[in-house]
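Listed below are the residues making up each chain.
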Amino acid sequence: MWFLGWKGESGFSASSTAEQVTQGIDGHGLTAIVTGATSGLGLETTRVFALRGVHVVMAVRSVESGTKVKETILKEIPSAKIDVMELDLCSMASVRKFASDYISSGRPLNILINNAGVMATPFQLSQDNIEMQFATNHLSHFLLTNLLLETMKRTVRECKREGRIVILSSEAHRLPYQEGIRFDKINDESVYNSYYAYGQSKLANILHAKELTRRFKEGVEITANALHPGSIITNILRYHGYINAVANMVGKYLLKNVQQGAATQCYVALHPQVKGISGEYFMDSNKATPTHLANDSELAKKLWEFSVSLTNQK
C-alpha cells in the first residue's frame, strides 16, 4: 500500500485509487479508446471506465488477450460496453488501419487514452525502422491522435461535451539525453542508452500535449494533458529481470498498486475539476510541474514537425 496520503488541491492523493477519483461520475454516453488495455494501467482504466458507464474500445496487440480481459470484466460488470480492436504500436501501418476501421465504424470518440508503452528496452527498431521506445511511446500515439482528431471534433460538436486526450508520460522525463530530444540521433545505436531513451520518449509525451493545446483552434472544446501515473509494478519492466524481481519484492511497501497507478489518468479523463484545463502535467491526481525542457515551446514545435515528417503526414 502506498503510504504517502497527503491530499493536494483536488482532494486526492498518491494513495487514491481509480475508483475513488471517479466516484459519483456518470460516464454513460461517453466513448473512450484505451491503448494497451490488456494489462496493468490500461486494464484497470478499462475496468473503471466500464464501471462508470463509459463505452470502452480496447486498442490492443492481441485481440485474443483483449477478448479474455473483456470477458473477465463482463463477469464483474455485466452492463459493461466494451469492444476490442487490434492495434500494434510498433507499426504505423497498424495504427493507420486501426484509425481507418474506427472511423469507418461510425463510433463517436470522447476520450483518447494514450496509455501503452515500453520501458528501457534493449536497442531495437520498430517495423518502420525507428528506435522502439520513441516509436511506441510517442510517435505511434502522435499518429493515432492526429488520425482520430477530426472524429473527436465531430463528437464534441454533436454531443456538446468536452473531448479529452490523455497522454501517459513519466517523471522519467526529467532524465532524457542532455539535449532533450536527439532529433539527428534517434536511431543511432552507438550512443543509445535505454534509460535516457525512455526519458526522451516521456519528455516527448509532455511536449505533444503542450503543442496539441497550442494548435487547438479557439472554440474547439478538446483538451490534451500528460501525466505521471506513479511508480508501479507492471510488466513494463519485463526487459530488466533483476530490477523487476526487486520491484516485486519491495513493491507492496514502496510502490503504488495498479488501482492507485490508474487513478491519475482516470481523474484527468473523467473528473469535472479538469474541465477546460489543457497542456498541463498531472501527478497523483493533481497538477504538477515538469522540467523546463517540457515547457520549451520551441522544442515542442520542432518535435511536432519532426514527428509529422517521420509519420509521412502532410
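Residues numbered from 1 in each chain as written. Predicted model: local features only at pLDDT ≥ 70, side-chain atom pairs only at ≥ 80, totals over all residues. Heavy atoms only, no water.

Naming follows an unreviewed UniProt entry, where the protein chain appears as Short-chain dehydrogenase TIC 32 of Arachis hypogaea.

**Student:** I'd like a description of empty space enclosed by the protein, backed by residues and values.
**Tutor:** What the rule picks out here adds up to two cavities of 30 Å³ or more. Of the voids in this model, the largest cavity is the one considered here, and its volume is about 40 Å³. Together, E131, Y177, R182, K185, I186, D188, V191, Y192, A197 and Q200 line the largest cavity. Taken together, the residues that form the lining of the largest cavity break down as five nonpolar, one polar and four charged. Empty space within the second largest cavity amounts to approximately 30 Å³. Forming the boundary of the second largest cavity are L89, C90, M92, S126, D128, I130, A135, L139 and S140. When the residues that make up the lining of the second largest cavity are grouped by side-chain class, the tally is six nonpolar, two polar and one charged. (1 Å grid on protein atoms, 1.4 Å probe; cavity = no way out; pocket = protein on both sides within 12 Å on 5 of 7 lines; lining within 4 Å. Points joined across faces, edges and corners; volume = space filled by probe spheres on them. Nonpolar A, V, L, I, M, F, W, Y, C, P; charged D, E, K, R; others polar.)

**Student:** Describe the packing of aromatic side chains, listing the residues and the values that go with them.
**Tutor:** One pair of aromatic rings is described through two measures. These are the centre distance and the angle between the planes. Summed over all chains, the structure comprises eight aromatic pairs. Taking 5.8 Å as the distance between ring centres and 65 degrees as the angle between the ring planes, the aromatic pair formed by Y177 and Y196 counts as edge-to-face. Linking Y177 in the loop between strand 5 (163–168) and helix 6 (194–215) with Y196 in helix 6, this pair joins segments that are 19 residues apart in sequence. Seen from their ring centres, F183 and F306 are 5.1 Å apart, and the 85 degrees between their planes marks the pair as edge-to-face. Of the two residues, F183 sits in the loop between strand 5 and helix 6 while F306 sits in helix 10 (residues 297–310), which places them 123 residues apart along the sequence. Given a relative accessible area of 18%, F306 falls into the buried group. Of the aromatic side chains, those joined through ring pairs into one cluster are F12, Y267 and F282. (Phe/Tyr/Trp six-rings, centres within 6.5 Å; stacked < 30°, edge-to-face > 60°. Helix = DSSP H or I, 4+ residues; strand = E, 2+ residues; numbered from the N terminus. Buried < 20%, exposed > 50% of the residue type's maximum accessible area, 1.4 Å probe, protein only.)

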